[in-house]
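This is what each chain is made of:
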Amino acid sequence: QKDVYATAHFGTAAPAGQFTLNVRAEPATEGYVIVQPKKTSFNYGETAALSAYPIYPAKFEYWDVDGEVLDTNPSINFMVLASHTVTAHFTTLGP
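Thresholds, definitions, all that
- Residues numbered from 1 in each chain as written.
- Predicted model: local features only at pLDDT ≥ 70, side-chain atom pairs only at ≥ 80, totals over all residues.
- Heavy atoms only, no water.
- Pairing = 2+ DSSP bridges.
- Helix = DSSP H or I, 4+ residues; strand = E, 2+ residues; numbered from the N terminus.
- Axes fitted to C-alpha atoms, helices over the stretch in contact; angles between N-to-C directions.
- Phe/Tyr/Trp six-rings, centres within 6.5 Å; stacked < 30°, edge-to-face > 60°.
- Buried < 20%, exposed > 50% of the residue type's maximum accessible area, 1.4 Å probe, protein only.
- Contact = heavy atoms within 4.5 Å.

1. Description of the sheet that holds strand 7 (residues 68-71)
Alright, step 1. Strand order in the open sheet made by the five strands is 4-2-9-6-7, with mixed pairing throughout. If you trace the sheet from one side to the other, it starts and ends with strand 4 (41-43) and strand 7, each paired once. Averaged over all pairs of adjacent strands, the angle between their axes in this sheet comes to 35°, without regard to strand direction.

Put into structure tokens, the structure is as follows:
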């Protein structure tokens with residue numbers, strides 16, 4: 001697994017409160033995602049372990065965060081520094 005840090009905040013204080021992490025599979029018929037811990041609200045700086053699993057005959061391609069390509073490893077650690085949508089992208093192999 002690889003640690004991934006997607007957002008940097010500079011200043012004297014971290015944002016207060018919790019942030020939403022929406023995690024999805026695209027297309028949903030080609031794979032699924034497991035998030036640990038299993039929740040959608042995270043404190044600033046908390047890490048979520050994300051694992052993408054293709055459904056045969058699909059293949060995992062990459063993760064994106066809010067539309068920007070993040071990583072091609074199917075298992076990542078994502079540090080939550082703001083609210084984000086993280087998407088696992090899958091493609092179908094064969095006919």
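2. A word on the packing of aromatic side chains
Alright, step 1. Considering all chains together, one arrives at four aromatic pairs under this definition.
Alright, step 2. Taken together, a centroid distance of 5.8 Å and an interplanar angle of 75° make the contact between Phe60 and Phe90 edge-to-face. In this pair, Phe60 is assigned in strand 6 (residues 58-65) and Phe90 in strand 9 (residues 84-92), connecting sequence segments 30 residues apart. Across the pair, exposure class does not vary: Phe60 and Phe90 are buried alike.
Alright, step 3. Of the aromatic side chains, those joined through ring pairs into one cluster are Phe60, Trp63 and Phe90.

3. Brief notes about the environment of Ile34
Alright, step 1. Looking at where Ile34 falls in the secondary structure, it is placed in strand 3 (residues 31-36).
Alright, step 2. Between the C-alpha atoms of Ile34 and Val23, which are eleven residues apart in sequence, the distance is 8.8 Å.
Alright, step 3. Among residues more than four places away in sequence, those in contact with Ile34 are Ala49, Leu50, Ser51 and Tyr53.

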